[in-house]
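# Observations on the three-dimensional arrangement
Below are the chains, spelled out letter by letter.
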Amino acid sequence: MPYVMVQIPKTPAPAAPAPRSVPTSADVARLAGVSRATVSYVLNNTSAVRISEPTRRRVHEAAKELGYVPHAAARSLRAGHSRLVLMPAPSFPVGPLYSQFISELQWALGRLDYTVVQYGTVGVHGDEAARAWAELRPVAVLVPGSGLGPKGVTVLKRSGARAVVTLGPESVEGAHALVMDHEAVGHCAGTHLYARGARRVGVVVPEESGLESFSAPRLRGVRRALDGTDATVTELPLGYEEAAAARLAARWRDLDLDAVFAYNDEYAMLLMRALQDEGVRIPQDTAVIGADDLMLGRLLRPRLSTVHIELPSGRDLAELVDRAVRDPGVAPETHKVLGASVVHRDSS
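Our subject in this report is the structure included herewith.

About the criteria used
- Residue positions are given per chain, counting from 1 as you read along its sequence in written order.
- Two thresholds apply to this predicted model, a pLDDT of at least 70 for residue-level local features and 80 or more for giving and counting side-chain atom pairs, whereas whole-chain, interface and lining totals are computed over all residues.
- As a convention, hydrogens and water are excluded, and side-chain values are obtained from all of the structure's heavy atoms.
- Only strands that DSSP links by at least two bridges are regarded as paired with each other.
- Numbering of helices and strands runs from the N terminus, with a helix taken as a DSSP run of H or I at least four residues long and a strand as a DSSP run of E at least two residues long.
- To obtain each axis, a line is fitted to C-alpha atoms, and for helices this fit is confined to the stretch in contact; angles are then taken between N-to-C directions over 0 to 180 degrees.
- Here a residue-residue contact requires only that any non-hydrogen atoms of the pair lie within 4.5 Å.
- We count a salt bridge whenever a side-chain nitrogen from Lys or Arg sits within 4 Å of a carboxyl oxygen from Asp or Glu.
- Think of a polar contact as two N or O atoms within 3.5 Å of one another; within protein, one of them needs to be a possible hydrogen donor and the other a possible acceptor, and neighboring residues in sequence only count if both atoms come from side chains.
- Here the term buried applies to any residue with accessible area under 20% of the maximum for its type, exposed to any over 50%, and partly exposed to those in between, with areas from a 1.4 Å probe on protein chains only.
- Any residue with relative accessible area above 30% and no salt bridge may belong to a patch, with like charges joined within 9 Å and the nonpolar Val, Leu, Ile, Met, Phe, Trp and Tyr side chains within 5 Å.
- Here the accessible surface of atoms and residues is derived via Shrake-Rupley with a 1.4 Å probe, and residues count as covered only by protein chains that are part of the display.
- What the arc measures is the spread of directions leading from the helix axis to the C-beta atoms.

The strand order E7-E6-E8-E9-E10-E12 describes an open sheet built from six strands, whose pairing is mixed. Of all strands in the sheet, those with a lone pairing partner are strand E7 (232-238) and strand E12 (339-343), marking the two edges. Across this sheet, the average inter-strand angle for adjacent strands is 20°, counted without regard to direction. In this sheet, strand E10 (residues 305-310) lies alongside strand E9 (residues 287-291) in parallel orientation, the contact comprising three bridges. Bridge pairing in E10 places Ala291 opposite Val307. Running over the sheet, helix H12 (residues 265-277) touches strand E6 (200-206), E7, strand E8 (259-261), E9 and E10 and is turned about 150° from E9.

If you want it as structure tokens, here you go:
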């Protein structure tokens, strides 16, 4: 049987789509019907040049339609510095109150045309972490908690950081500081409990790593409030887990405490449930007060007494950063923040 060889022609591969060109400010200017300078003024939020609101809106709509994003590096070259504000990730567990403050701060800095980046350095602390932050050449660094020292501040400034701001229990040489007085939180709680008749006061000290800079001053605040009175203070180490709270509640009657400051609302809720499971009545047997004034505390039964904490305004801190960036030679500012006041409810 004869065989016939048939050659099957190769099907040409489909042509790759031509790469789309990256939109430029000139493209935005053409679509919006304005000059490139106007596009630059609008998208860089330049306040020195007055531009009408309809023109601003046209530029923003054109940029959005084209998918145009300003080039951060080019903008930095024009300004002589970056617009990057670095926020190292906190080394301590972050609660709802602090998260809300950080969100407000990021929004306020964004309104001032800064790019906010949160940065984590696992296993690196203090001045060693400062060197890692400096590699990104931020124009400002906001450091939560403690650990950064004067050497780290110097490293950051030599790398081009115009503003270094710390948020912690004490100031650091060379840096602007928001000093958070957590001792006042404990003092408020201790004063309230004593006024309500408590004389054997327990103070929860979290065992979570990273909370020492908050828990230690709060404990000192309670001791200061009760110093010279007929009241006693008992330190109560507690891990943030149900089993740990149950173990503490199981020996509560042996401790013979008539009140407890539970560090914050989350620890207070954890301990209250364990105490109630043990048959301890609140506040009849033991008064309980937390801190942070979280909404969940109002939903408990009994409703949780708490210390309301007034954190610094994110907008005020953003303006402090902006002032320091504009005038890096200004002397470091130190502001005492963290107002504290008792909110008395059913649990105490």
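Okay, the pattern of salt bridges next. Tallied over the full model, the rule gives 14 salt bridges. Linking Glu333 and Arg323 is a salt bridge whose minimum nitrogen-to-oxygen distance equals 3.2 Å. With a gap of ten residues between them, Glu333 in the loop between helix H14 (314-326) and strand E11 (334-337) and Arg323 in helix H14 connect regions that are remote in the sequence. Through salt bridges with shared partners, a single network forms among Glu183, Arg220 and Arg224.

Glancing now at the side chain of Asn264. Within the fold, Asn264 resides in the loop between E8 and H12. Within the structure, Asn264 has its side chain in polar contact with the backbone nitrogen of Glu266 (distance 3.1 Å). If near-sequence neighbours (up to four positions away) are discounted, Asn264 is found in contact with Arg218, Gly290, Ala291 and Asp292.

Moving on: the environment of Val337. Tracing the sequence through the fold places Val337 in strand E11. The exposure class of Val337 is buried, given its relative accessible area of 18%. C-alpha separation for the pair Val337 and Ile309, spaced 28 residues apart in sequence, amounts to 9.9 Å. Not counting chain neighbours up to four residues away, the residues in contact with Val337 comprise Leu178, Val179, Met180, Asp181 and Pro312.

This part covers a nonpolar patch on the surface. Taken together, the side chains of Met295, Leu296 and Leu299 make up a nonpolar region of the molecular surface, amounting to roughly 330 Å² of accessible area. Residue placement: Leu299 occurs in helix H13 (residues 295-299). Residue class for Leu299 comes out exposed when judged on its relative accessible area of 54%.

Right, let's get into unusual backbone geometry. In this structure, the amide linkage connecting Ile282 to the following residue, Pro283, adopts the cis form with an omega of 10°. By the secondary structure assignment, Pro283 is in the loop between H12 and E9. With an omega of 0°, the peptide bond running from Arg301 to Pro302 counts as cis. For Asp113, which is not a glycine, the phi torsion comes out positive at approximately 75°. For Asp113, the position within the fold is in the loop between helix H5 (96-111) and strand E2 (115-119). With phi around 75°, Tyr263 is a residue other than glycine that occupies positive phi space.

Right, let's get into helix H1 (residues 25-32). Regarding H1, the residues found buried are Ser25, Ala26, Val28, Ala29 and Ala32. For H1, the angular spread of the buried residues around the axis is 160°, confining them to a single face. Turning to H1, the residues buried within the fold contact helix H2 (36-43) and helix H3 (53-66). Taken from the residues just after H1, Gly33 is the one with a positive phi, measuring 75°.

None of this, on its own, says anything about what the molecule does.
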